[in-house]
Amino acid sequence: MSIAAIRTLRGRAWQIYEQMGMPTPQQEDWKYTDLGRINAALGDNWWKPAVPERSIPSLGADQLEALAIPDLDAWIAVFIDGRFQAALSDLPEGIDFAPLMRLVIDRPEQAASMLEVDKRMPLFNGFVAVNSALATDGGVLLLKANTVLDRPLLIRHIATRSGTAHIRHSIRLKERAEAHIVEHYCGIGEAAGLTNTVCQIDLAAGSRMRHDRIQMEQPCHYHIGRLSVTQARDSQFESHSVALGAALSRVDLSVELAGPGAACALNGLYLIDGRRHADHHTVIDHAVPHCTSREHYRGVLDDRARGVFNGKVVIREGAIKSDTAQSNANLLLSPFAEVDAKPELMIYNDDVKAAHGCTVGRLDTRQLFYLRARGLTEADARQVLTFAFADEVLASLKPAPLRRFVEHAAFSRLFHEEDAEEMLT
Amino acid sequence: MLKIENLHVAADGKEILSGIDLEIPLGEVHAIMGPNGSGKSTLANVIAGREDYTVVEGSVRWRGDDLLAMTAEERAWAGVFLAFQYPIEIPGVNNVYLLKAGLNAKRRAQGLTELDAMDFMALVREQASRIGLEEDFLARGVNEGFSGGEKKRNEIFQMTVLEPSLAILDETDSGLDIDALRVVAEGVNRLRDPERSIVMVTHYQRLLDHIVPDVVHVLIDGRIRMSGDKTLAHELEERGYDWVKAEVGGA
Ligand SMILES: Nc1ncnc2c1ncn2[C@@H]1O[C@H](COP(=O)(O)OP(=O)(O)O)[C@@H](O)[C@H]1O
Ligand SMILES: [Mg+2]
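Residues numbered from 1 in each chain as written. Chains lettered and ligands numbered in written order. Predicted model: local features only at pLDDT ≥ 70, side-chain atom pairs only at ≥ 80, totals over all residues. Heavy atoms only, no water.

Here we come to the site of ligand 1. In the vicinity of ligand 1 lie 13 residues, with B:Gly37, B:Lys40, B:Ser41, B:Thr42 and B:Tyr53 positioned nearest. A distance of 3.2 Å separates an oxygen atom of ligand 1 from a polar backbone atom of B:Ser38. (Near = heavy atom within 4 Å. Polar contact = N/O pair within 3.5 Å; in protein donor to acceptor, adjacent residues only side chain to side chain.)

So this is what it looks like as structure tokens:
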């Protein structure tokens with residue numbers, strides 16, 4: 001495998017994009033998410049990289065500090081506008097975390113396998129193809145068998161300018177390895193940009209991963225994200241996918257339970273206001289017997305915000321003794337807010353445990369009255385109930401500084417800062 | 001004094017209360033008894049400010065304030081407290097947070113400074129132990145996973161922390177065993193004060209053995225049909241509500 005071969009691979013990916021184009025609302029998976037807003041904001045060449053190759057964007061220390069997650073003791077990898085920032089990163093020794101660009105030069109074989117475009121991938125679309133064609137940066141983490149990453153790895157993605165950041169991460173845990181990955185997406189400024197990120201996770205037998213994805217980009221920013229997970233025997237995967245920011249965001253999360261005893265727990269929260277749009281599509285594939293999946297997504301939609309949740313669970317014919325439970329609950333805070341929620345269970349054998357529930361509602365008037373009868377103002381009572389509803393998802397975030405940070409980010413958006421503070425204690 | 005005049009209340013287009021007149025002076029405990037469905041909870045909820053009911057006619061004044069013109073929270077700040085017949089579960093909202101927010105909102109409305117966190121916790125711990133609520137209840141969600149008896153205790157616990165001047169207890173006795181009933185009654189009796197009025201809604205006289213009322217009213221089909229002293233409760237227990245109907249010759 002040579003650099004030339006990678007060039008060929010990228011060329012092929014680009015061709016696929018040219019054939020497929022951007023997804024359109026005519027496609028079943030994109031029925032509720034119209035990408036016209038991205039075209040309008042970024043133009044036909046929406047994919048143009050935000051930062052030309054080899055130039056290094058910079059950000060002041062105080063700005064970096066202001067966007068940080070306070071008190072989170074973590075290894076850090078920083079990407080600004082899609083470019084890896086080695087000088088700002090703090091990575092463990094002996095851990096193989098290589099930026100993609102270097103990988104292409106040092107180990108093209110590995111880079112090629114990472115950039116492979118596979119149209120059979122669940123929810124495959126033009127964004128993934130463009131990502132394969134254009135992503136120059138991303139983190140590659142390989143944990144050897146039986147190693148435990150001692151601290152969470154925080155991957156900071158900071159958007160500061162217009163144009164698109166194509167990012168490609170690949171994380172592989174060998175047998176019984178353990179890691180906690182936090183993908184944080186944020187930004188500064190008013191420029192309309194796009195984050196197009198793909199993260200592939202490969203969990204070998206008995207390995208365990210926590211993965212938290214916190215998206216709180218600027219209101220003028222767009223976000224297309226993908227997480228593809230493959231799980232071998234007895235591996236465990238627990239994730240939180242939180243969408244608070246961006247004008248429009250779409251996250252596709254797919255998990256293939258490919259070895260018996262594998263288990264995943266997917267948690268999600270979309271809490272948006274204004275005219276924001278947040279779309280979560282998930283696919284859990286029970287490919288083999290004896291796997292467990294749990295999924296719990298909640299949405300809070302204020303003003304004219306629109307949420308989309310589509311949770312597909314496939315249980316294959318041979319996947320007996322599968323155990324799956326999915327729940328999606330939505331809270332509409334305004335008469336103009338909207339949500340399109342769709343659970344999709346596709347079960348091809350009888351020997352399974354499957355449960356699902358999906359609700360769309362408003363605040364409970366009896367609960368509101370109870371709180372007001374105890375002296376809370378109506379506004380406070382609404383805040384408290386909204387907080388309680390959303391926090392069901394955030395309460396399992398660990399460690400404490402991460403949970404506190406996300407709760408703050410979520411609730412200071414809807415509430416006065418000091419009220420959020422009170423409720424969190 | 002609580003003064004209710006000619007109160008007519010409807011819900012879903014149906015009249016539930018049909019002209020209630022009631023006066024409860026400061027310092028007194030009044031019991032309101034009546035069969036199921038007679039409108040006792042409706043009366044209690046309308047006083048506390050629940051919005052699902054339509055007040056068709058009449059007035060409710062507490063110490064001169066026109067309660068019907070006030071929101072539920074303003075009534076709470078004016079000293080009104082309702083112990084619910086069916087306390088609702090609010091998962092994820094911390095019990096102590098609710099009390100602190102409620103108490104401080106009331107203090108702000110009264111022009112007082114907010115309680116300092118230490119003093120507040122000391123108060124909460126003392127009242128919880130008096131009412132027999134374990135500390136771990138405090139850290140849980142409001143009524144979340146509580147048994148029926150625990151929910152009722154929690155209502156009384158909240159009442160003793162918030163120290164209302166008008167306490168309305170809606171069937172707080174139902175679902176309580178004898179020991180719990182005694183604890184709850186002690187909580188209410190501690191609150192008896194020349195500056196407070198207490199309304200006890202019940203349809204058994206059991207609770208009234210522990211909290212002796214000054215006056216007993218009988219509510220049937222949305223109207224007060226009879227009032228008397230504590231012996232009326234015993235009479236009702238023996239002779240039932242049909243006797244009252246026959247006596248007043250109505251309905
Ligand atoms: N919110 C409501 N909407 C419609 N009907 C109601 C409502 N609340 C109470 N009612 C009706 O009013 C009557 C009195 O109810 P309630 O006040 O609960 O009686 P009690 O507490 O004396 O048992 C019942 O027939 C009940 O069904
Ligand atoms: Mg009742």
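All names here are of chain A. Spatial ordering of the open sheet is given by β2-β1-β5-β7-β9-β11-β13-β15-β17-β19, a layout of 10 strands whose pairing is mixed. Each of the sheet's edge strands pairs with one partner strand only, and the pair in question is β2 (83-84) and β19 (352-361). Where strand β13 (residues 263-272) lies against strand β15 (residues 292-301), 10 bridges are found, and the strand directions are parallel. Within the sheet, the bridge partner assigned to alanine 263 lies in β15 and is threonine 292. Contacts between helix α8 (residues 378-394) and the sheet are confined to β11 (236-243), β13, β15 and β17 (322-332), with β15 contributing the most and set at about 150° to the helix. (Pairing = 2+ DSSP bridges. Helix = DSSP H or I, 4+ residues; strand = E, 2+ residues; numbered from the N terminus. Contact = heavy atoms within 4.5 Å. Axes fitted to C-alpha atoms, helices over the stretch in contact; angles between N-to-C directions.)

Residue and element names in this part refer to chain B. With 18 residues, helix α8 (residues 231-248) extends only 18 Å from end C-alpha to end C-alpha; this falls clearly short of the ideal 26 Å at 1.5 Å per step. By the largest-angle criterion, arginine 239 marks the main kink of α8, which is about 105°. Taken residue by residue, α8 has Leu232, Ala233, Leu236, Tyr241, Trp243 and Val244 as its buried positions. Contacts made by the buried residues of α8 are with β3 (29-33), β11 (215-220) and β12 (223-228). (Expected span 1.5 Å × (residues − 1). Bend = angle between axes of the 7 residues up to and from the residue. Buried < 20%, exposed > 50% of the residue type's maximum accessible area, 1.4 Å probe, protein only.)

Residue and element names in this part refer to chain B. Protein-derived coordination of the magnesium ion (ligand 2) comes from Ser41 (OG) and Gln85 (OE1), at a distance range of 2.0 to 2.2 Å. Of this pair, serine 41 sits in helix α1 (residues 40-48) while glutamine 85 sits in the loop between β6 (80-83) and β7 (90-94); the two residues are 44 residues apart in sequence, bridging distant segments of the chain. Its relative accessible area of 22% is what places serine 41 among the partly exposed residues. Since its relative accessible area comes to 16%, glutamine 85 is described here as buried. (Donors = N, O, S within 2.8 Å, 3.2 Å for Na, K, Ca; no water.)

Moving on: the nonpolar core. Residues B:Leu2, B:Ile4, B:Leu7, B:Ile20, B:Leu43 and B:Ile47 are the most contacted members of the largest nonpolar core, which totals 80 residues. There are two domains that each give this core at least three residues, and those are domain 1 (3-362) and domain 2 (364-425) of chain A. When near neighbours in sequence (up to four residues on either side) are disregarded, B:Leu43 contacts B:Ile4, B:Leu7, B:Leu17, B:Ile20, B:Leu22 and B:Ile32. Membership of the second largest hydrophobic core comes to 46 residues, among which are B:Leu133, B:Ala167, B:Leu191 and B:Leu232. (Core = buried A, V, L, I, M, F, W, Y, C linked by side-chain atoms within 4.5 Å. Domains from an automatic or database assignment.)

Attention now moves to the pattern of salt bridges. Scanning all chains against the criterion turns up 37 salt bridges over all chains. The closest approach of N and O atoms between A:Arg403 and A:Glu407, which form a salt bridge, is 2.9 Å. With a gap of 4 residues between them, A:Arg403 and A:Glu407 both fall in helix α9 (residues 400-414), about one helical turn apart. With relative accessibility at 27%, the residue A:Arg403 sits in the partly exposed group. A salt bridge links B:Glu171 to B:Lys40, with the shortest nitrogen-to-oxygen separation between them at 4.0 Å. Here the residue B:Glu171 occupies a position in the loop between β9 (166-170) and α7 (178-191), and B:Lys40 occupies one in helix α1, the gap between them amounting to 131 residues. An identical accessibility class is assigned to B:Glu171 and B:Lys40; each is buried. (Salt bridge = Lys/Arg side-chain N within 4 Å of Asp/Glu carboxyl O.)

Turning our attention to α1(B). By the criterion of burial, α1(B) is predominantly enclosed, with 8 of the 9 residues buried. After α1(B) finishes, the residue B:Gly49 shows a positive phi value of roughly 105°.

Here we take up the layout of surface pockets. All names here are of chain A. Size it by volume and the largest pocket reaches roughly 590 Å³. In terms of lining residues, the largest pocket is bounded by 23 residues, among which Met121, Gln200, Ile201, Ser228 and Thr230 are the most central. Elements represented by at least two residues in the lining of the largest pocket include exactly α5 (108-115), β6 (163-173), β8 (193-203), β10 (222-231), β12 (248-257) and β14 (277-286). Among the residues making up the lining of the largest pocket, the classes are represented as 9 nonpolar, 7 polar and 7 charged. (1 Å grid on protein atoms, 1.4 Å probe; cavity = no way out; pocket = protein on both sides within 12 Å on 5 of 7 lines; lining within 4 Å. Points joined across faces, edges and corners; volume = space filled by probe spheres on them. Nonpolar A, V, L, I, M, F, W, Y, C, P; charged D, E, K, R; others polar.)

Before going further, it helps to spend a moment on the packing of helix α3 (residues 95-109) of chain B against helix α6 (residues 148-162) of chain B. All names here are of chain B. Where α3 meets α6, the axes come as close as 10 Å, and the angle between the chain directions of the two elements is 35°. Considering only the axes of α3 and α6, their crossing is right-handed. Listed contacts from α6 to Asn95, Leu98, Leu99, Gly102, Leu103 and Lys106 of α3 are Asn154, Phe157, Gln158, Val161 and Leu162. Classifying every residue of the contact of α3 with α6 by side-chain character gives 6 nonpolar, 4 polar and 1 charged. (Left-handed = near helix turned anticlockwise from the far one by under 90°.)

So, on to the sheet that holds β11(B). Residue and element names in this part refer to chain B. Strand order in the open sheet made by the 6 strands is β6-β9-β10-β3-β11-β12, with mixed pairing throughout. Looking at the sheet topology across the chains shown, the edges are occupied by β6 and β12. When the angles between neighbouring strand axes are averaged without regard to direction, this sheet yields 20°. With 4 bridges joining them, β6 and β9 adopt parallel strand pairing. The residue of β9 that forms the bridge with phenylalanine 81 is alanine 167.

In this section: the interface of chain A and chain B. With 18 residues of chain A at the contact, the number on the chain B side is 33 residues. A buried area of about 2200 Å², summed over both sides, lies between chain A and chain B, and 64% of it is on carbon and sulfur atoms. When residues of chain A are sorted by the area they lose upon contact with chain B, A:Phe369, A:Tyr370 and A:Arg374 head the list and together hold 37% of the total. Between the two partners, chain A and chain B, sit 3 salt bridges. A:Arg372 is the salt-bridge partner of B:Glu51, the closest N and O atoms lying 3.4 Å from each other. Taken together, the connections running from chain A to chain B amount to 11 residue pairs in polar contact (both at pLDDT 80 or more). For the side of chain A that touches chain B, the elements supplying multiple residues, two or more each, are α7 (365-373), α8 and α10 (417-424) of chain A. Tallying contributions element by element places α7(A) first for the side of chain A that touches chain B, with 7 residues. In terms of residue class, the side of chain A that touches chain B is made up of 9 nonpolar, 3 polar and 6 charged. (Buried area = accessible area lost by both parts, 1.4 Å probe.)

A few words on the state of the cysteines. Here is the idea: a disulfide is a covalent bond, and it sits between the sulfur atoms of two cysteines. Residues and elements named next belong to chain A. Under the counting rule described, the total for this entry stands at 0 disulfides over all chains. The thiol sulfur of cysteine 199 is not disulfide-bonded, and the nearest other cysteine sulfur, from cysteine 264, lies at 15 Å. Looking at cysteine 199, the relative accessible area reads 1%, which means it is buried. A disulfide-free cysteine, cysteine 264 has its sulfur positioned 8.7 Å from the sulfur of cysteine 291, the nearest such atom. (Disulfide = S-S within 2.5 Å.)

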